[in-house]
Every structure is written in C-alpha cells, then in structure tokens.
There are 2 protein chains.
Amino acid sequence: MENPSSNIEKVQEDCYNEWMSLQARRMTELKQALSNGEKDDAKLRDLARTALRDFEDYAGKRSKHSRRYSSNYYAPTWNTCLENALLWIGGCRPSSFIRLIYAMCGSQTEHRFSNFLRNDNIDDLSMALGETHGETGGEDSMSDLTAEQLFKINELHLKTVQAENKLSKQSASLQEDTADIPMAMAAFYKEEIGETDVVVERALDKHEEDMAGLLVEADKLRLTTMTKIVEILTAVQAVDFLLAGKKLHLAMHEWGRCREHRRVEAYGGGDSGGEVAGE
Amino acid sequence: MENPSSNIEKVQEDCYNEWMSLQARRMTELKQALSNGEKDDAKLRDLARTALRDFEDYAGKRSKHSRRYSSNYYAPTWNTCLENALLWIGGCRPSSFIRLIYAMCGSQTEHRFSNFLRNDNIDDLSMALGETHGETGGEDSMSDLTAEQLFKINELHLKTVQAENKLSKQSASLQEDTADIPMAMAAFYKEEIGETDVVVERALDKHEEDMAGLLVEADKLRLTTMTKIVEILTAVQAVDFLLAGKKLHLAMHEWGRCREHRRVEAYGGGDSGGEVAGE
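A brief report on the enclosed structure follows.

Rules used in this analysis
Residues numbered from 1 in each chain as written. Chains lettered and ligands numbered in written order. Predicted model: local features only at pLDDT ≥ 70, side-chain atom pairs only at ≥ 80, totals over all residues. Heavy atoms only, no water. Axes fitted to C-alpha atoms, helices over the stretch in contact; angles between N-to-C directions. Helix = DSSP H or I, 4+ residues; strand = E, 2+ residues; numbered from the N terminus. Parallel < 35°, antiparallel > 145°, perpendicular 65-115°, else oblique. Contact = heavy atoms within 4.5 Å. Nonpolar A, V, L, I, M, F, W, Y, C, P; charged D, E, K, R; others polar. Expected span 1.5 Å × (residues − 1). Buried < 20%, exposed > 50% of the residue type's maximum accessible area, 1.4 Å probe, protein only. Buried area = accessible area lost by both parts, 1.4 Å probe. Salt bridge = Lys/Arg side-chain N within 4 Å of Asp/Glu carboxyl O. Least-squares fit on C-alpha atoms with pLDDT ≥ 70 in both.

Moving on: the packing of helix α5 (residues 95-119) of chain B against helix α9 (residues 198-232) of chain B. All names here are of chain B. The N-to-C vectors of α5 and α9 enclose an angle of 30°; their axes lie 9 Å apart at closest approach. As judged from the angle between their axes, α5 and α9 are roughly parallel. Contacts from Phe97, Ile98 and Ile101 of α5 reach α9 at Arg222, Thr225, Met226 and Ile229. Classifying every residue of the contact of α5 with α9 gives 5 nonpolar, 1 polar and 1 charged.

Turning next to helix α7 (residues 147-177) of chain A. Between its first and last C-alpha, α7 of chain A extends 45 Å over 31 residues, near the 45 Å set by a 1.5 Å rise per residue. Gln149, Ile153, Leu156, His157, Thr160, Glu164, Leu167, Ser171, Ala172, Leu174, Gln175 and Glu176 of chain A are the residues of α7 of chain A that are buried.

The next point concerns the environment of Glu56 of chain A. All names here are of chain A. Structurally, the position occupied by Glu56 is in helix α2 (residues 41-66). When its relative accessible area of 45% is taken as the criterion, Glu56 is described as partly exposed. In this structure the C-alpha to C-alpha distance between Glu56 and Arg222, which are 166 residues apart in sequence, comes to 9.6 Å.

Taken residue by residue, the interface counts 89 residues in chain B and 90 residues in chain A. Taken together, both faces of the contact between chain B and chain A bury some 7900 Å²; the carbon and sulfur share is 57%. Linking chain B with chain A are 14 salt bridges, by the criterion used here. One salt bridge connects Arg99 of chain A with Glu176 of chain B, and the closest N-O pair in it is separated by 3.5 Å. For the side of chain B that touches chain A, the secondary structure elements donating two or more residues are α1 (8-35), α3 (71-74), α4 (81-85), α5, α7 (147-177), α8 (183-189), α9 and α10 (235-266) of chain B. Residue contributions to the side of chain B that touches chain A peak at 14 residues, all from α10 of chain B.

Attention now goes to the relation of the copies chain B and chain A. For the pair chain B and chain A, the relating rotation is 180°, the translation along its axis is 0.0 Å, and the fit reaches an RMSD of 0.0 Å. On the angle and the small slide along the axis, the relation comes out as a two-fold axis. Across chain B, the rotation axis passes nearest the C-alpha of Ala75 of chain B, at a separation of 3.0 Å. Mapped onto chain A, 99% of the interface residues of chain B again fall at the interface, so both copies present the same surface.

Right, here's the structure in full:
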C-alpha cells in the first residue's frame, strides 16, 4: 500500500480511500442480504462480524500511520469541511451510533404504521404490530425493538457518554498543554517567530504521540460501542443498523462534497453581508 | 474586502490572513512598548484595549462570514493540521489563556532567580524578589503576580472551564443531531448514496446555522476571558500576556508549516511500519 515516493499524508489518505471503498462494498452486501429476505441468522451474524472486523483493521492501520503523525487525523484534508466540523477525536461520536438506533426505531415505527393506515388493510395489522418482517426485507426491523433491548441500549448510551466525556477531558488537557512550558515559553523567548529547536521539536513530537494514543482510545470506544450494539440487536437488526451507519457516513461525504462544489459556484460575492446568490 | 470572483472560503481565508498580519503588527507594537520600558500605564492600557478590540472586530467578521457557511471554521483549510488538531469550536480554548499565565509566571520566576544566582550579585536581590522591573522591560512581569491576582485568576479559570464545558456539550449535541431524523433517515431511504432533496438541504443549512451560532458563543467566551484577564493584570502584565498569546499563535502556525514541509520531504516510504526516514 505504501508508495515509496509519497508522504505520510498520502499514505493516510490512501488508507482512508480503501476504507471508504470497502464500506461501499460492504453496504451493497448488507443491502443484498436484507433485500433477499435472508433469514439465516448465522449468515447475517457473519456479515455483522465482518463489518466489525473491518473497522478493527482500519483502526489498526490508522494507529500505525498516526504514531507521530496524528494531527492529520484530527481534521483530515481528505474529508469535506462538513465532515470535519462533525469530527470528535478523529471520527464520529460513539454515542451517535445509539442516536442512530433511536432515529431508526422512531422512523421505522412511523413508516410501518403509516403503511398500515394507507393500505387500510387488516392483513397488514400483524406487520404493523411487528409480528412479521414481510417484504420490507428487514428495513423496518428497528420497530421490533423490545423493551428489554431498549433498556440495554439506554444503559449502553449512558456508559458511552461517560466514556466519551472522559476522552473529551483528556483531549482538552492535551490541547491546553500546548499553552504551557516548553512550547509557550519557546514561542515567547525566541527572537524570530517560528524559530525552532530540539526542545520545541521534542515537545511537538510528544504532543502528536499523545494525540495518537487518544485516537487509539477513541477508536476502541467506537469499536466496543458498535460491538455491544450488535450484541443487543437481533441478527436482522444488527445488519440493518450497520447498513444505516455506512449509508449515513457515505452520504455525509457526498453531501459535503455537493455543498462545497455549490458554494464555489454560487458565491458571486459583491454582497458584504456574506449571502450567497441563489440560496 | 470581498472579491467578486471569489467563493466564500476565499473570503473567509482573506479575513484570516488579514487577522494574522494584524496580529504580527500588534506583536511588534507590544514588544516595542515593553522593550522601551514604557512606564505610562495609560499608554499600555490603550495597547491592551486595542488588542481586545481587534479580536472583537475579527470575531464580528467571522460571524458575518459564517452564518450558513460555518463548517469551514471548524477545521479551516488555511490552518496547518497541527493547529486544526488543537482547535476547540473554531479557535483556541479560552482556558488555555489562563494556562499561559501560569506558564509565564512559573517560567519567569525561575528565569529571574537563575539570573540572580548566576550573577551572584546581592544588588540583584531586589530584582529577584520582584521589587523592580529593571532592564528586562517587563518580560518578567508575571513573576510579580500577587496572591490576590492569583486568587482571581484561579476563580476565573474555574468559571471559564465551566463555560467551556457547557459549550462543548452543545457542540456534542449538534454533532449527534446529524445521526438523527431527518438526515440519517434520508441517507437510509434514498436509493442513491449522496442523493439530496430539500429536506436534507434544509437540515444541513440549519445545522451550519446552529454551528455558526456556537462559534459566536465560543468567540464571546474567548473575548470575555481575555478581557477579564487584562482587568486582573497590571498594565505591564496585560501587555506581556497579550504579547505571549500572539507569539504563541503565530509560532504554532509556523511550527505547523515547518513540520508539514519536513514530512513531505522526509517520508521516503518503503517501510510498511509507517516510520519516517531520518526522524
């Protein structure tokens, strides 16, 4: 994968592009399994395990490539600015996985009931009540969440938010360290701005190493949260959830690209209010 | 300032470049005042007020340019990746201003005493005890911080961290909202990845507006924290603090640039371990 003439950022970007292509491929596989009405739990569980292993592999590669070069991962140039504004320690917030489940549960329950009401068909009643999966191919699976599952998910949510807060605090502390000795004082006492020396370089290397360590911890939390969610869900629900996560990630990248493209085209300027023509 | 042919990102970047040039100019003025041994408190207070007003003006411009285009400010392309990894809601953490004061206080006290010990000169004793400023031109002013000042700074620190945490929570909540209805469900139900519609566009516009609002709040907190610090400090200390802040900001930008440049040159690749040749 490493290209001898490339720099570390290129290596990191190649790794990301591979990951995005893999996600798109897995998305098709998950979709296929659901639309075929795949009922074999073992097969669906296999697909879910593969998705988790994929992320674990990707996190391992990021860790290897980040060591003293972790800054790139905190606002990657290969992301759109929309995605970068959503970043939490180099990726998505683990608690957003749980938010996604709640969103799916709400939306799919509504979807199922509105189908039932529209069809005005008593045969659909059992489906509306979540007794069968029918031809939706698992797409409504989250409306079948049981009270026990919801309780476990809620418990996981609380724990995840706590773990997130702990890492956020560590991140804040690492950020603040740069306003301390030795960096702040090197900046203060050097004659020329940006002049560097071995003390500054070592401090910056140490800072990037610490940030790389934090990235590993955040990726671990993302993976364990995903794994626990998959354990709580049924096989169909797990595949449904993983599919939704991949779709959202891929869509956000595309939406970000569209918006950036449109802004460059649309901004005719001339208005000091910063308004954009046509929007 | 707006260039008719430019896009919004260009406008934002121009605004940032103006701000950095202004900081460099102000840095020279502050340095000059200190090295001239400026004793006129009113003049020094004027310089401090100007620095605060500069930031207020800049924040006003950012607010105007961000409204529905705030994403750029959360990981600006004009920053180095080192700086972006340090970003908190589009800028530095207000608590890092206070950390900088503590760093200056510690380092300058040490500096003063080591000068005294090296010179082995009893005449320097009064200086070592902070009774005069001498020819350091205010550069050691932070070692004169009184117990009362330190108490007030500590109080401000606690309040600032609380306010930061409140904004961090809002930021987390806005980030999580994107994994909710309508965006997550639009991503889920659309046939084609990245397909958009008026609902998605409205939700993304709303998201950027909310993030722009958060940026305004964070800038307000940065300004009020700086203002309160300046009020607690003596005129010389205030100028010393503002100078150190500007130096650190400008130095971090240069250090980030140097490191990026060096990485591109140094990364010879060939080592799958992701190590960099020569480092």
